[in-house]
Amino acid sequence: MKDKDKDHDTKLDRQKLIKMAMAELDHAYAPYSGFYVAAAVLMDNGRVYTGVNIENASYPATVCAERNGIFKAISDDKRAKIAAIAVVGGKDGRITDYCAPCGVCRQVMREFSEPSSMKIIMAKDVDDYREMTLAELLPYSFGPDALK
């Protein structure tokens, strides 16, 4: 495979992950903030899990889209690691800007990934996205290796 073809295939994978997240956005439950978020989590075994934010009148009981998808994945196969995650979101379900994971979600990602290689894709649409590794987004992180 030529490098150009390889780059094209990689872009298609990112676009597919973004499309999967975008397709879930209407399923978010955000009656209080009106800020809808959806995520598609690609595990290192190739499986993809989606999640949406689910708010609660008792605000601390709210769960973010990223954690929702990650917890689905880990409950299905606790040995799998997160390879990438696509995140989309916006007020009233309209995507107008990049949606970055909150600090709690970043810490959960740290628990179930290799920070230097895990990709976080924050997208406005399939062709307009920003990508960072978890290590870039969460430098000097505290993880399971610190407790050994």
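Check the entry above for the structure.
Scoring rules and cut-offs
Residues numbered from 1 in each chain as written. Predicted model: local features only at pLDDT ≥ 70, side-chain atom pairs only at ≥ 80, totals over all residues. Heavy atoms only, no water. Helix = DSSP H or I, 4+ residues; strand = E, 2+ residues; numbered from the N terminus. Expected span 1.5 Å × (residues − 1). Buried < 20%, exposed > 50% of the residue type's maximum accessible area, 1.4 Å probe, protein only. Contact = heavy atoms within 4.5 Å. Core = buried A, V, L, I, M, F, W, Y, C linked by side-chain atoms within 4.5 Å.

Chemist: In this structure, what is going on with helix α2 (residues 65-76)? I would like to understand it.
Modeler: Since one α-helical turn is 3.6 residues long, residues separated by three or four positions face the same way. With 12 residues, α2 should cover 16 Å at 1.5 Å per step; its first-to-last C-alpha distance of 17 Å lies within 8% of that length. All of the buried residues along α2 are Ala65, Glu66, Arg67, Asn68, Gly69, Ile70, Ala73 and Ile74. Turning to α2, the residues buried within the fold contact β1 (35-43), β2 (48-52), β3 (82-91) and α3 (103-111).

Chemist: Looking at this structure, how should I read the nonpolar core?
Modeler: Within soluble globular proteins, side chains that are nonpolar tend to cluster in buried spots. Met43, Ile70, Ile82, Ile85, Met109, Met118 and Ile120 are the most contacted members of the largest nonpolar core, which has 24 residues in total. Secondary structure elements with two or more residues in this core: β1, α2, β3, α3, β4 (119-125) and α4 (134-137). Setting aside residues no more than four positions away along its own chain, Met118 makes contact with Ile82, Ala83, Ala84, Ile85, Met109, Ser113, Met132, Thr133 and Leu134. Judged by nonpolar contacts, the second largest core, of 14 residues, contains Ile18, Leu25, Ala40 and Val52.

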